[in-house]
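Okay, here's what each chain looks like letter by letter:
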Amino acid sequence: MSQISDSAFQQAKSLLQKGLPVAIPTETVYGLAAPINNLYAVEKIFSIKQRPFFDPLIVHVASIEQAKKCVTSWPDLAQVLAENFWPGPLTLVLNKNSSVSDLISSGLPSVGLRIPNHPMTLKLIRELNVPLAAPSANKFGRTSPTAAQHVADEFKNESVFVLDGGPCQVGIESTVLLVKSEQISILRQGVITASQIEGVLHKHQQKFTWIENVSKKESPGHMKHHYMPDVPLIFCTKPVELPILKKWLLQHKDQIPQSVEGVSLKPLNKLEKSQELVLSHDPALAARQLYAQMRTLAGSECDFIYFIQKDFHKTETWSGILDRLLKASSLRYE
Ligand code: TXA
Ligand code: MG
């Protein structure tokens with residue numbers, strides 16, 4: 001670590017020790033972190049983010065040993081998945097023990113755990129010697145931050161210290177996987193796909209089945225809308241010329257809600273200036289750039305943003321990206 005980042009690191013560490021939330025870098029998105037043993041600091045995360053208490057926080061650990069200390073049992077499936085995907089963008093939801101408070105788990109008997117793949121954050125967790133609870137460092141329902149500047153912009157009125165670890169390499173949030181003794185279910189899509197998970201479990205001769213229907217109770221925080229930019233995003237499921245899209249929007253713009261699940265949205269008043277969100281054809285690059293692109297377009301004073309889904313987006317590697325785009329959109333053209 002350079003001298004500058006070392007002093008920033010010490011500052012982040014001392015603020016966390018004092019019970020103040022700090023924004024931390026991870027490979028997925030920046031998180032707003034607090035030590036799990038300081039509930040005063042954890043509560044502050046909810047107030048800074050304006051996050052409802054029913055949406056549980058992910059707990060970040062630095063080792064498998066530390067993860068095991070947060071749960072009542074550690075199934076073989078969890079061991080294989082952790083050994084193969086950690087550090088990395090996979091969160092395992094397992095039965096929690098009393099070291100993880102109900103505030104963090106939103107009253108659920110489970111906890112989401114992962115080892116993030118970022119040296120600064122791993123060092124921070126090791127030196128503090130306590131796991132860090134951290135949701136994405138954005139206001140509730142809004143686009144996640146993938147650079148330190150995004151966090152600073154998001155919380156300009158809340159004076160949150162940001163540990164700058166550079167741009168996030170993955171770019172979308174972790175895959176969240178519910179793990180029971182021999183059953184699994186993806187609760188949130190990410191860059192680690194169902195096929196990759198299956199591949200690893202088969203390779204290690206693990207017996208498992210996919211859970212067909214997960215109850216809403218076991219999977220909170222899954223709103224219809226999320227990750228929304230400040231400007232309406234129109235998701236087009238088929239090719240369309242801009243003049244036709246504008247004409248269609250003129251007839252349908254009243255369908256754009258003014259607020260969704262407590263998150264207010266800008267109405268679509270004018271249809272003059274638009275911006276197309278064009279993603280890289282490489283899904284890894286597209287994920288890395290997605291949120292920064294959404295922020296840049298939303299900041300360009302346009303009236304609306306539109307995204308046109310192509311056939312190649314329909315494969316599994318794009319599922320995490322498409323999930324984010326659909327949830328971020330205000331209206332679908334189909
Ligand atoms: O990549 C990520 O996962 C990022 C970085 C910072 O690690 N974190 C993140 O946290 O995206 P957040 O709070 O924005 O999303 C966490 C989501 C919750 O909304 C919920 O859907 C799910 O993870 N989750 C967490 N704990 C859970 C639990 N015990 N049971 C079910 N779902 C849980
Ligand atoms: Mg989030």
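Being a predicted model, the structure only gives us computed values, none of them experimental.

**Details of the sheet that holds strand S11 (residues 233–236)**
Then, in step 1: Spatial ordering of the open sheet is given by S14-S15-S11-S16, a layout of four strands whose pairing is parallel. The sheet is open, and its two edges are formed by strand S14 (274–276) and strand S16 (331–333), each paired on a single side. Averaged over neighbouring strand pairs, the angle between their axes works out to 25 degrees when direction is ignored.
Then, in step 2: When S14 meets strand S15 (residues 304–308), the two strands line up parallel, connected through three bridges. Within S15, the residue paired with Gln275 across the bridge is Ile305.

**What about the layout of surface pockets?**
Then, in step 1: Each pocket or cavity is described by its volume, and for the largest pocket that value is around 210 Å³.
Then, in step 2: Contributing to the lining of the largest pocket are 14 residues, with Asn95, Ser110, Leu178, Lys180 and Glu218 lying nearest its centre.
Then, in step 3: Secondary-structure elements contributing two or more residues to the lining of the largest pocket are strand S4 (90–95) and strand S8 (175–179).
Then, in step 4: No other element matches the three residues that S4 contributes to the lining of the largest pocket.
Then, in step 5: Looking at side-chain class alone, the lining of the largest pocket contains seven nonpolar, four polar and three charged residues.

**Quick word on the site of ligand 1**
Then, in step 1: Near ligand 1, the surroundings consist of 26 residues, among which Thr28, Asp55, His60, Ser174 and Arg188 are the closest.
Then, in step 2: Within the side chain of Arg114, a nitrogen or oxygen atom sits 3.1 Å from an oxygen atom of ligand 1.
Then, in step 3: Between Arg188 and ligand 1, the recorded distance is 2.8 Å, taken from a side-chain N or O atom to an oxygen atom.
Then, in step 4: Protein chains shield 98% of the accessible area of ligand 1, which is 680 Å² for the free molecule.

The rules behind each value
In this numbering scheme, every chain counts its residues from 1 along its sequence in written order. Following the order in which they are written, the chains are lettered starting with A and the ligands numbered starting with 1. Residue-level local features of this predicted model are given only where pLDDT is at least 70; pairs of side-chain atoms are given and counted only at 80 or more, and the full residue set underlies all totals for whole chains, interfaces and linings. In computing side-chain properties, one takes all heavy atoms of the structure into account and sets aside hydrogens as well as water. For two strands to count as paired, DSSP must find a minimum of two bridges between them. Counting from the N terminus, the helices are DSSP H or I runs at least four residues long and the strands are E runs at least two residues long. Axis lines are fitted through C-alpha atoms, for helices just across the contact stretch, and the angle between N-to-C directions can take any value from 0 to 180 degrees. For each structure, a 1 Å grid was placed over the protein atoms alone; sets of points admitting a 1.4 Å probe that cannot get out are labelled cavities, open sets with protein on both sides within 12 Å along at least five of seven lines are labelled pockets, and lining residues have an atom within 4 Å of a point. Grid points are joined across faces, edges and corners, and a volume is the space filled by probe spheres set on the points. Side-chain classes follow a simple rule in which Ala, Val, Leu, Ile, Met, Phe, Trp, Tyr, Cys and Pro form the nonpolar group, Asp, Glu, Lys and Arg form the charged group, and the remainder, Gly included, forms the polar group. By convention in these notes, a residue is near a molecule or strand provided one of its non-hydrogen atoms lies within 4 Å of it. Between N or O atoms, a polar contact is any pair within 3.5 Å; within protein, one atom must be a potential hydrogen donor and the other a potential acceptor, and residues adjacent in sequence are included only when both atoms are from side chains. Calculation of accessible area relied on Shrake-Rupley with a 1.4 Å probe; when residues are assessed, cover is drawn exclusively from the protein chains displayed.

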